[in-house]
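One-letter residues, chain by chain:
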Amino acid sequence: MDAFYASVEQRDDPVLRGKPVVVAWRGARSVVCAASYEARRFGVRSAMPAVRAERLCPHAVFVPPDFSRYRAVSKQVREIFLRHTELVEPLSLDEAYLDVTTPKSELDSATAVAKSIRRAIAEETALTASAGVAPNKFLAKIASDWKKPDGLFVIRPEQAEAFLAPLPVAKIPGVGKVMDGKLATLGIRTCADLRLRDARDLEQRFGRYGRRLHELSMGIDERPVDPDQLVQSISTEDTFEHDLPLAAIEPTIRTLAAKTWAASRKTDRIGRTVVLKLKTADFHILTRSFTPALPPQSESAFVAIAAALCDRVDLPETTLYRLVGVGLHNFCDADELPQPELFR
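Here is a short report on the structure shown in this document. (Residues numbered from 1 in each chain as written. Predicted model: local features only at pLDDT ≥ 70, side-chain atom pairs only at ≥ 80, totals over all residues. Heavy atoms only, no water.)

Some thoughts on the overall build of the protein
Keep this limit in mind: Numbering goes from the N terminus for both helices and strands, where a helix is a DSSP run of H or I of at least four residues and a strand is a run of E of at least two. Think of it in three bands: with a 1.4 Å probe and only protein chains considered, a residue is buried below 20% of the maximum accessible area for its type, exposed above 50%, and partly exposed in between. Residue contacts follow a heavy-atom distance rule, with two residues in contact if any of their heavy atoms lie within 4.5 Å. For the area figures, the Shrake-Rupley method with a 1.4 Å probe applies, and any residue is considered shielded solely by the protein chains shown.
On a plain count of helices and strands, the protein comes out with 13 helices and 11 strands. Overall, the C-alpha framework of the protein stretches about 60 × 55 × 45 Å when taken along its three principal axes. Considering the protein as a whole, with its 344 residues, one finds that 42% of them fall into the buried category. Within the protein, residue pairs in contact and separated by at least 24 positions form 59% of the contacts whose partners lie at least 6 positions apart. When the accessible area of the protein is evaluated, it comes to approximately 19,100 Å², of which 53% is carbon and sulfur surface.

Pasting the structure below:
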């Protein structure tokens, strides 16, 4: 979906159409959830601090996010996907992989399916979507961004290697600023450069991801579209308006723990590990976790464990924190849990 949250806001409020819209709460600690294309022209991007977005685009209209509304539209879009294939792997509310090797419709190509889906989205939601059509997930992801907004880009199997050769390595999903810098020190700036390196050398330097980078540079990606991805972790976070000492954070921890527990009840899988995440005023991140012999059985038990993890934070009492998060990790199916001993 194109600038999804911002586009929903512009669709639902005609006053916002054509204006630079930033979906974010105002405040020194807020970050941008989404920016309309009008705002992006000023350099505003998702995950940017809201105060910086306001400096870049002083006349932007700030709108607080309404995730219940975005989820409703996302469900509409997913229903359109499912008319064409059951193999839908959501990545987020606004993005998904679809395997249309054997489409449910009588359309004769993946490109025809993509056109049909984009047309239905426009007609039924009054929003636009961009699509990438390619032989695997890696290439489709890149193609989906190639002609945004409201675009369609196709990479045929025989075009993949030539298309990738000049592509900057920074465009490869997972290559952030740090990895891009490390590759730059080796003289690797494009996929063509990556191909020239020995895969074993890359693996020695960067572990398994080094070998994967080499494969991706040649357009190799064997990952299937998985519509039944299993829940591995659930968490909630909050960034404080002002930095706080640990002693003042417990009420927030309890509130976040309750939210995390409620979210965990929406899956049949069971979380075993309670995790407390803290970010200090100078952006140092620390986590503390605990895996009880039996998974938490109630909200009160989960909240109590999360709050107790504060006792394992060994930084000075004067340390101030800007963010706290509570997570439930290490999920498994019920039949994977160790059985308690009936007799001792």
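So that's the structure; there's more coming.
Quick notes on the sheet that holds strand β11 (residues 320–332)
Threshold: At least two bridges found by DSSP between two strands are what make those strands a pair. Here, axes are lines fitted to C-alpha atoms. For helices the fit covers the stretch in contact, and angles between N-to-C directions go from 0 to 180 degrees.
As summarised here, the arrangement of the four strands in space is β8-β11-β9-β10, forming an open sheet in which the pairing is antiparallel. Of all the strands in the sheet, just β8 (233–245) and β10 (285–290) have a single pairing partner and so form its edges. Mean inter-strand twist for the sheet, computed between neighbouring axes without regard to direction, equals 15°. Examined bridge by bridge, strand β9 (residues 270–280) and β11 share 10 bridges and lie antiparallel to one another. Bridging from a neighbouring strand, leucine 276 pairs with valine 326 of β11. Contacting β8, β9 and β11, helix α12 (residues 250–264) crosses the sheet at an angle of about 25° to β11.

A look at the environment of leucine 98
When you line up the elements, leucine 98 lands in strand β5 (residues 95–98). For leucine 98, a relative accessible area of 25% gives the class partly exposed. The sequence separation of leucine 98 and alanine 114 amounts to 16 residues, and the corresponding C-alpha distance is 9.6 Å. Excluding its chain neighbours within four sequence positions, the residues that come into contact with leucine 98 are Phe81, Thr85, Leu87, Val88, Ile117 and Val225.

Details of the side chain of lysine 137
Within the element layout of this structure, lysine 137 appears in helix α6 (residues 137–146). The buried category is assigned to lysine 137, whose relative accessible area is 7%. The residues touching lysine 137, leaving out its near neighbours within four places in the chain, are Glu89, Tyr97, Asp221, Arg223, Pro224 and Val225.

Some points on the sheet that holds strand β1 (residues 21–23)
The strand order across the open sheet formed by three strands is β2-β1-β3, and the pairing between neighbours is mixed. With one partner strand each, in any of the chains shown, β2 (34–35) and β3 (61–63) form the two edges of the open sheet. Pairing geometry for β1 and β2, over two bridges, is antiparallel. Looking at β2, one finds that valine 22 is bridged to alanine 35. Packed on one face of the sheet, helix α1 (residues 4–12) meets β1, β2 and β3 and runs near 120° to β1.

As for helix α10 (residues 199–206)
Defined as follows: In this description, one arc is meant: the one made by directions from the helix axis to the C-beta atoms. Under this definition, polar contacts are N or O atom pairs within 3.5 Å; protein pairs additionally need one hydrogen-donor-capable and one acceptor-capable atom, and for neighbouring residues in sequence, both atoms have to be side-chain atoms.
Those residues of α10 lying buried are Ala199, Leu202 and Phe206. The buried residues of α10 occupy one face: seen down the axis, they fall within an arc of 60°. The exposed set on the far side of α10, more than 90 degrees from its buried face, consists of Arg200 and Gln204. If you follow the buried residues of α10, they end up packed against α8 (177–185), α9 (191–196) and α11 (208–217). Measuring from the side-chain oxygen of the N-cap residue of α10 to the backbone nitrogen of arginine 200 gives 2.8 Å; that N-cap residue is aspartate 198.

What to know about the side chain of arginine 288
Following the sequence through the fold, arginine 288 ends up in strand β10. Side chain to side chain, arginine 288 and aspartate 314 meet in a polar contact 3.2 Å long. Not counting the four nearest positions on each side in its chain, arginine 288 is found in contact with Val274, Val275, Leu276, Leu309, Arg312, Val313 and Asp314.

Topic: unusual backbone geometry
Cis geometry is adopted by the peptide bond preceding proline 149, which originates at lysine 148 and carries an omega value of -5°. Backbone geometry at alanine 47 places phi at a positive 75°, although glycine is not the residue there. Locating alanine 47 in the fold gives a position in the loop between α2 (37–40) and α3 (50–56). Judged by its relative accessible area of 59%, alanine 47 falls in the exposed class.

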